[in-house]
Amino acid sequence: MTRTYFGTDGIRGLANEKITPELALKVGQAAGLIFHRGEGRHRVVIGKDTRLSGYMIEYALVAGFASVGMDTLLLGPMPTPAVAMLTRSMRADVGVMISASHNSFEDNGIKLFGPDGYKLSDEIEHEIERLIDGDITRKLAAPRELGRARRIDDVRARYIEFAKRTLPRNMSFEGLRVVVDCANGAAYKVAPEALWELGAEVISIGVEPDGFNINRRVGSTSPQALRDKVRELRADVGIALDGDADRVIMVDELGRLIDGDQLMAVVAESWRDQGLLSKPGLVATIMSNLGFERHLASLGLTLERTAVGDRYVIERMREAGYNVGGEQSGHVILSDFSTTGDGLVTAMQALAVVKRQNRPVSEVCHRFEPLPQVLQNVRAQRAELERASVASAIDDARARLGGSGRLIVRPSGTEPVIRVMGEGDDRELVESLVAQVCGALKESAQAA
């Protein structure tokens, strides 16, 4: 079904251009009406990251929810997984996270969670869009039934305790020197505090948000600052979160990156050995490395692939009963604990394996040798994929790659680019095929 506002991860776009106060107000009204069920007071929890535009969007959402009779609990800067968790634990009817995740500060977004803490289905998002574009004047609350709003202050401690309880009671990170990069984003307070309370020596970077510097040269999408700090301080490990802390990338003591595929492999193998895997396999997207899939097969584990987007991974996990899944980018979903990706919890699970095995992170967290993988983004519209010249280039590249690798060409769900990913045993061949497809896309876009 065609959607006007929602992408693969909520509604996202340039603040005050696509993500306007008017749109936020309408989203609040529409979501409030859909989740306004039964008698009594209804409540929504709203969290945000550290973008300047968060204030504007937050209060517009409050107005929208209040206008349809819903009370609002404002959480302030909190990670996306914390909002999902608090939606459930505080018995809210709906949860909202104001964030554009790994995008720069100019963008912002609105992510919605149902009362169960899960992201909304396509059907519910479609219904919200229908209400946004319709006239809901007659559905607004009467003056006596308008909602209230208040800010609550104890949520940081609640989330930290939740994250710590995902570990065995006697687990301690004492003796580990950890550099944590919070991307100047939503976890800038909770992540360092949680790791410190677990006994680690914590060095924090990306913890000075000013409204403009979220994800700027820090965080999981810019890990060089973390790599440099780990090597400089001879730390045991580095942890890089993104702007809303639902994804994580780690760095070993040598400064080498550990992506989501490696982290899923670490957790899956550990949980298999402990008898904690609900099924002999896990779920990942089409972007996960073929080397990862081969490694899992060597362990007797399967890999089910979905479309890109953690929501699709979660849907498949729920349908088939898996408790581990995620994305190469660092969204890792451990459904025994959370209903969405949680960067802090994922990092803590990996560190727990490091502590149990008493071996360096470089040995514990590099479980397989990834196949050469090349990813390039081309600024182009989705329609370019329908051009005959582009389709021909893609078909030719896949034919030349044969069964020795994979070629994925897809439009981004969060920005106006087309992503071209190739992987295979022959790096030179992969690079040339990706360049061939990107060239065709660029020529088509320029000719349009």
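Small disclaimer: the values here were computed from a predicted structure and weren't measured.

(A) Focus on a nonpolar patch on the surface. On the surface, Leu52, Tyr55, Tyr59 and Phe212 cluster together into a nonpolar patch covering about 430 Å² of accessible area. Here Tyr55 is to be found in helix H2 (residues 54–67).

(B) Focus on the packing of helix H8 (residues 260–274) against helix H11 (residues 343–357). Where H8 contacts H11, the axes come no closer than 10 Å and their chain directions differ by 60°. As judged from the angle between their axes, H8 and H11 are oblique. The handedness of the crossing between H8 and H11 is left-handed. Here Leu263, Val266, Val267, Ser270, Trp271 and Gln274 of H8 lie close against H11, whose contacting residues are Thr346, Gln349, Ala350, Val353 and Arg356. A per-class count over the contact of H8 with H11 returns 6 nonpolar, 4 polar and 1 charged.

(C) Summary view of the packing of helix H3 (residues 80–89) against helix H5 (residues 155–164). The N-to-C vectors of H3 and H5 enclose an angle of 95°; their axes lie 10 Å apart at closest approach. Classified by the angle between their axes, H3 and H5 sit roughly perpendicular to one another. Mapping the contact onto sequence places Pro81, Ala82, Met85, Leu86 and Ser89 in H3 and Val155, Arg158, Tyr159 and Phe162 in H5.

(D) Just the pattern of salt bridges, in detail. Under the criterion given, the structure shown has 33 salt bridges. Between Glu319 and Arg316 there is a salt bridge, with its nearest N and O atoms 3.3 Å apart. In this pair, Glu319 and Arg316 both sit in helix H10 (residues 310–320), 3 residues apart, roughly one turn of the helix. What makes Glu319 exposed here is its relative accessible area of 60%. Note that Arg406 and Glu423 form a salt bridge whose closest N and O atoms lie 2.6 Å from each other. Of the two residues, Arg406 is situated in strand S18 (residues 405–411) and Glu423 in strand S19 (residues 418–424); the sequence distance between them amounts to 17 residues. You'll find Arg406 and Glu423 in the same group, each marked buried.

(E) Region of interest: the sheet that holds S19. Across the sheet, 3 strands lie side by side as S17-S19-S18; this open sheet has antiparallel pairing. The open sheet is flanked by strand S17 (373–378) and S18, the only strands paired with a single partner. Mean inter-strand twist for the sheet, computed between neighbouring axes without regard to direction, equals 10°. Relative to S19, S17 runs antiparallel, the two sharing 6 bridges. In the sheet register, Leu375 faces S19, and the bridge partner there is Met421.

(F) Region of interest: the pairing of strand S8 (residues 177–181). The buried fraction of S8 amounts to 4 of the 5 residues, a majority that puts the element mostly inside the structure. Two elements, S8 and strand S9 (residues 201–205), share 5 bridges in a ladder whose sense is parallel. Within S9, the position partnered with Asp181 by the bridge is Ile205. The parallel pair S8 and S9, bridged by helix H6 (residues 190–197), forms a crossover whose chirality is right-handed.

(G) Spotlight on the sheet that holds strand S16 (residues 332–334). In spatial order, the strands read S14-S13-S15-S16; together these 4 strands make up an open sheet with mixed pairing. Strands at the two margins of the open sheet, each flanked by one partner only, are strand S14 (302–306) and S16. Shown here is a sheet whose adjacent strand axes are inclined to one another by a mean of 20°, direction ignored. Pairing between strand S13 (residues 281–285) and S14: 5 bridges, direction parallel. Pairing of Ala284 across the sheet is with Arg305, part of S14.

(H) Representation of the packing of aromatic side chains. A complete count under the given rule lists 4 aromatic pairs for this structure. Centre to centre, the rings of Phe105 and Phe212 are 5.2 Å apart; their planes meet at 80°, and the pair counts as edge-to-face. Of the two residues, Phe105 is situated in the loop between strand S5 (94–98) and strand S6 (107–113) and Phe212 in the loop between S9 and helix H7 (224–233); the sequence distance between them amounts to 107 residues. The partly exposed category is assigned to Phe105, whose relative accessible area is 23%. The lysine or arginine in question, Lys279, covers the ring of Tyr322, its NZ or CZ lying 4.7 Å from the ring centre. A cation over an aromatic ring shows up here: Arg318 above the ring of Tyr118, its NZ or CZ 3.5 Å from the ring centre.

(I) Broad picture of the environment of Arg37. Residue position: Arg37 is located in the loop between helix H1 (21–34) and strand S3 (42–48). A relative accessible area of 52% places Arg37 in the exposed class.

About the criteria used
Residues numbered from 1 in each chain as written. Predicted model: local features only at pLDDT ≥ 70, side-chain atom pairs only at ≥ 80, totals over all residues. Heavy atoms only, no water. Patch = residues over 30% accessible without salt bridge, like charges linked within 9 Å, V, L, I, M, F, W, Y side chains within 5 Å. Areas by Shrake-Rupley, 256 points an atom, 1.4 Å probe, with all protein chains shown as cover. Salt bridge = Lys/Arg side-chain N within 4 Å of Asp/Glu carboxyl O. Helix = DSSP H or I, 4+ residues; strand = E, 2+ residues; numbered from the N terminus. Axes fitted to C-alpha atoms, helices over the stretch in contact; angles between N-to-C directions. Parallel < 35°, antiparallel > 145°, perpendicular 65-115°, else oblique. Left-handed = near helix turned anticlockwise from the far one by under 90°. Contact = heavy atoms within 4.5 Å. Nonpolar A, V, L, I, M, F, W, Y, C, P; charged D, E, K, R; others polar. Buried < 20%, exposed > 50% of the residue type's maximum accessible area, 1.4 Å probe, protein only. Pairing = 2+ DSSP bridges. Right-handed = clockwise from strand over helix to strand, strands pointing away. Phe/Tyr/Trp six-rings, centres within 6.5 Å; stacked < 30°, edge-to-face > 60°. Lys NZ or Arg CZ within 6 Å of the ring centre and 35° of its normal.

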